[in-house]
Amino acid sequence: MAEEMTTNATAIPTGDGTVWADVTPLLTAACNELHDGELIRGDNFSLFAAMSALEIMDPKMDSGMVNGRYYSIDEAIESGAAPVPLSFDKTTDALCIIDLMDHLLACEATWHKGHSLAQTVYSCIYLLRLDRTSSHSLLHSYCRTIRAICNAVISIVTEARTHEEEDLFIMAPGLPLSGEKDERFLSTLNAVEETLCRQLRACKAPAARKMVLEDQEPLQTNPDLEEDLCRALLCRLRFRKHFYHMLTCMRRPLGRGFELARKHISLGLLELENVQKSSTFLRSVGFLNSKDAIQSETTGSGCQPIGFDTSLNLRISAPAPPRAMKILSWDMVSWTDKLKALDYFKKLLHDLDIICSFPLDPSLENVLHFIVELQKRQPDLVARAFLQFLINLLRILCTNVAWQRRKLGRVLQDWRVIYVQLELAFRKEFGEFSSVSDENSCIKLAKHILVWVEEQTYWIALRFLSLGFDLDIYSSSEYCMVYWYLYVILVKLAEKTHVKQLAGADYGKKKGKKKRDSVIDTAKGYQIPPAVMLLQCYVCLAEGLSMILAAVRNELKVFQHASPFNTEYERFIQHFEHLQKACLPDHITYQSFQECTSQARISTLVMYNHFKDAQRIVKELKKVFVNDPNKMAEIRCVEQVAERNSIALNVINCVGGRDATLKISLDFSYHPNFAVLVVKRS
């Protein structure tokens, strides 16, 4: 063994000034001196350094474990992995550049979805050594534009702080991102675009396919492909130019660039359509010069792009979390990815167009409604970042659904504390409001502020409960308590909204009733505001669903809680702990829920059908919102839920427990939050 160690020691290569020493005895002695839980470390040793040093034996965690083809960028360049030009044949060179542009588009979409910039966009060797491309004006201008776009997007997301679990998005260790802040690259890009336009006009001129015009050199050597190749390159360059201009316009303060940004968005969508149309031509010629090429899902032609290696940056960047990465496919019909790169950018531009169309002087109610409606489109990270710029004070609503719900649960108590402190301050200043006979403007304002704070608090509570449906965190046995709590919150929200709107319509002297009947009763001498009537519909749906689920649980023994790990009370606390801590509403407990639902019976519900009440209100709302397509769509969903649940209630009442084959399930296809009971025989 000693001889073997000596042999291995002498085999270690040495260089100038290198001295090797055996530290095994030193390490052994140090280990013998250490006790359990002790660690020897230097001043520069950190947790990050420890995690980087540990070998997890997982390719996704150990950056040096995956052995790529090249160990450095220089080695890749010397091996011909990123030639300039891409091919000495001009036709092949043009086709390869288009493949490079398409693959970069797919890489950028993958990056936007939360993956590492180093392993997506900057897997392109040309971006890592941009100076090498200076002799190729088309490639050089495009790469400079990509670098500027990446830099702008990182800046936007970093300032907005909407990246949450997509924290890899803004990490760019050692990557050459700077250098394009002066926008000089745009002049180069415009010059290349103008050259391509002249080449396109030249090939469309009479006899252009027979002779080369003396004042304009063609893009490549095949006259039959000249026009289509020029168009394919132009639409890709123009999309990048419009995308960059859109980013810069939307960042202008106070929304001054929104109108111009919308123009660039419109033009960008048009160029994306042209990019998509060019794929038919590219697929037909993509393999003419390389019939044995490996097929790729990330280019319009289906050919493998030149100049990419995802393993190069693994050795210069910190280890990434264990997240599998697959570059999004481009736009091929035969590929099965649910999300394509082109689809992603189209959706991104549409989302940004919606943000730019928002008026800059809205009321708070319109702001909240706008953000919630936009969130239904499930905007991705970049769109949420711009939404953050638009409405910085409402940062929570710009995040993803899971993060948003956690944050809303935490701020509920803050809003409740604000209300209590305001109430105490106003009572100290004005005394008891009920004892004041002659209300001056200050007292009216104080009351209005209190009502407004309460309304917003209950709106947050409603949003908190509704997001649970989007996250699918409620089980079938819990929907009864969820709809019951929704009903309680909706009643309070409708009450506060009604009082606020009455005060706004100069009804401040009339004291709003605080019982449920004041919300549901429509036989008033004045017209109930449409917003309150819509809330009444949801009150009826929530109460109806909670009671019918309680009734079938009591009588038919379905949707019962049968978990051995926690009780129904514990589930109640888990779901509504934030609401309970904030006392929303007051005196609402698990015992209140039990008292309301333990005696529910189908026969009683048939006599007082909450779903028919909702249908009656819907008829009135249709007249009010006839010119609002979004509200009409929402009202139709409510109507379908009410109508089908009313039918289900009658069926259950007729059949009841006499039919053992009766199966009841919940269907959320008509409304994302309010279920429809489906009654079938098994």
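Residues numbered from 1 in each chain as written. Predicted model: local features only at pLDDT ≥ 70, side-chain atom pairs only at ≥ 80, totals over all residues. Heavy atoms only, no water.

### Remarks on the overall build of the protein chain
Within the protein chain, the regular secondary structure consists of 23 helices and two strands. If you take every contact in the protein chain between residues at least 6 apart in sequence, the share linking residues at least 24 apart comes to 72%. (Helix = DSSP H or I, 4+ residues; strand = E, 2+ residues; numbered from the N terminus. Contact = heavy atoms within 4.5 Å.)

### Let's talk about helix α19 (residues 568-581)
Given a rise of 1.5 Å per residue, 14 residues ought to cover 20 Å, and the 18 Å separating the end C-alpha atoms of α19 matches this to within 8%. Its maximal kink placed at H575, α19 deviates by approximately 65 degrees. (Expected span 1.5 Å × (residues − 1). Bend = angle between axes of the 7 residues up to and from the residue.)

### Some thoughts on the packing of aromatic side chains
Any two aromatic rings considered together are summarised by their centre-to-centre distance and by the angle between their planes. Throughout the structure, instances matching the rule amount to 24 aromatic pairs. Between F572 and F593 the ring centres are 6.1 Å apart and the planes differ by 25 degrees, which places this aromatic pair in the stacked class. With F572 in helix α19 and F593 in helix α20 (residues 590-597), this residue pair connects regions lying 21 residues apart in the sequence. For the pair shown, F572 and F593 are each scored as buried. Taken together through their ring pairs, the aromatic side chains of F469, Y474, Y479, Y483, Y538, F668 and F674 make up a single cluster. Just above the ring of F464 sits the side chain of R405; from NZ or CZ to the centre is 4.0 Å. Sitting over the face of the ring of F625, K631 holds its NZ or CZ atom 6.0 Å from the ring centroid. (Phe/Tyr/Trp six-rings, centres within 6.5 Å; stacked < 30°, edge-to-face > 60°. Buried < 20%, exposed > 50% of the residue type's maximum accessible area, 1.4 Å probe, protein only. Lys NZ or Arg CZ within 6 Å of the ring centre and 35° of its normal.)

### Some remarks on the environment of D470
When you line up the elements, D470 lands in helix α15 (residues 441-471). Its relative accessible area of 45% is what places D470 among the partly exposed residues. Spatially, the C-alpha atom of D470 lies 7.4 Å from that of P672, the residues being 202 residues apart in sequence. If we ignore the near neighbours within four places in the chain, the residues touching D470 are V401 and N673.

### Things to note about helix α22 (residues 610-624)
The first and last C-alpha atoms of α22 sit 22 Å apart over 15 residues, in line with the 21 Å expected at 1.5 Å per residue. Turning to α22, its buried residues are H610, F611, D613, A614, I617, V618 and L621.

### Looking at the nonpolar core
Among the nonpolar cores identified, the biggest contains 98 residues, and L104, L117, V121, Y122, F243, M246 and F345 are the most heavily contacted of them. F464, Y479, M481 and L605 belong to the second largest nonpolar core, which has 76 residues in total. (Core = buried A, V, L, I, M, F, W, Y, C linked by side-chain atoms within 4.5 Å.)

### Remarks on the packing of helix α9 (residues 223-250) against helix α11 (residues 341-356)
Two elements in contact, α9 and α11, have axes separated by 12 Å at closest approach and are oriented at 30 degrees. Classified by the interaxial angle, the pair formed by α9 and α11 is roughly parallel. Crossing angle aside, the handedness with which α9 passes α11 is left-handed. Residues F239, F243, M246 and M250 of α9 touch α11, and the partners they reach there are F345, L348, L349, L352, I355 and C356. (Axes fitted to C-alpha atoms, helices over the stretch in contact; angles between N-to-C directions. Parallel < 35°, antiparallel > 145°, perpendicular 65-115°, else oblique. Left-handed = near helix turned anticlockwise from the far one by under 90°.)

### Section: the confidence of the model for the protein chain
Put simply, the protein chain has an average pLDDT of 79, and 77% of its residues get 70 or more. Here residues 507-516 is modelled with pLDDT under 50, and outside its nearest four sequence neighbours on either side it reaches 14 contacts, counting other chains as well. pLDDT under 50 marks residues 521-525. Its contacts with residues more than four places away, or in other chains, come to four contacts. (pLDDT = per-residue confidence, 0-100.)

### Some details on the packing of helix α18 (residues 530-555) against helix α23 (residues 629-655)
Here α18 crosses α23 at 25 degrees, and the two axes come no closer than 11 Å. In terms of orientation, α18 lies roughly parallel with respect to α23. As for the relative orientation of α18 and α23, their crossing is left-handed in sense. Where α18 abuts α23, its residues L534, C537, Y538, L541, L545, I548 and V552 lie against K631, E634, I635, V638, V641, A642, N645, L649 and I652. When the residues that make up the contact of α18 with α23 are grouped by side-chain class, the tally is 13 nonpolar, one polar and two charged. (Nonpolar A, V, L, I, M, F, W, Y, C, P; charged D, E, K, R; others polar.)

### Some points on the pattern of salt bridges
Here the idea is simple: oppositely charged side chains can pair when their charged atoms come close. Scanning the model with the defined rule gives 24 salt bridges in all. One salt bridge in this structure joins D102 and R236, with 2.7 Å as the shortest N-O distance. One end of the pair, D102, is in helix α5 (residues 90-112); the other, R236, is in helix α9, and 134 residues separate them in sequence. Looking at D102, the relative accessible area reads 1%, which means it is buried. For R236, a relative accessible area of 4% translates into the label buried. (Salt bridge = Lys/Arg side-chain N within 4 Å of Asp/Glu carboxyl O.)

### Observations regarding the side chain of K346
Its location among the elements puts K346 in helix α11. With a relative accessible area of 15%, K346 lands in the buried category. Contacts of K346, omitting those with residues within four sequence positions, involve L269, L272, E273 and Q276.

### Focus on unusual backbone geometry
Residue V84 is joined to P85 through a cis peptide bond whose omega torsion reads -5 degrees. Considering the arrangement of structural elements, one finds P85 in the loop between α4 (73-78) and α5. In this structure, the amide linkage connecting L584 to the following residue, P585, adopts the cis form with an omega of -20 degrees. The backbone phi angle of D472 is positive, close to 55 degrees, even though this residue is not glycine. Considering the arrangement of structural elements, one finds D472 in the loop between α15 and α16 (479-504). Residue D472 is classed as exposed on the basis of its relative accessible area, which comes to 60%.

### Details of empty space enclosed by the protein
Taken as a whole and judged by the stated rule, the model has two cavities of 30 Å³ or more. Its boundaries defined by the atoms lining it, the largest cavity holds a volume of some 70 Å³. Forming the boundary of the largest cavity are M101, D102, L105, Y142, R236, F239, R240, L272 and V275. Of all elements in the fold, only α5, α9 and α10 (258-285) reach the threshold of two or more residues within the lining of the largest cavity. Class assignment for the residues of the lining of the largest cavity results in six nonpolar, no polar and three charged. Around the second largest cavity, the lining residues are G544, I548, L605, Y608, N609, H610, F611 and L649. Among the elements of the structure, α18 and α22 are those that each provide at least two residues to the lining of the second largest cavity. Looking at the lining of the second largest cavity residue by residue, the class counts come to five nonpolar, three polar and no charged. (1 Å grid on protein atoms, 1.4 Å probe; cavity = no way out; pocket = protein on both sides within 12 Å on 5 of 7 lines; lining within 4 Å. Points joined across faces, edges and corners; volume = space filled by probe spheres on them.)

### Brief notes about a nonpolar patch on the surface
A cluster of nonpolar side chains, namely V23, L26 and L27, defines an oily patch on the protein surface of about 300 Å² accessible area. Assignment of secondary structure puts L26 in helix α2 (residues 24-33). (Patch = residues over 30% accessible without salt bridge, like charges linked within 9 Å, V, L, I, M, F, W, Y side chains within 5 Å. Areas by Shrake-Rupley, 256 points an atom, 1.4 Å probe, with all protein chains shown as cover.)

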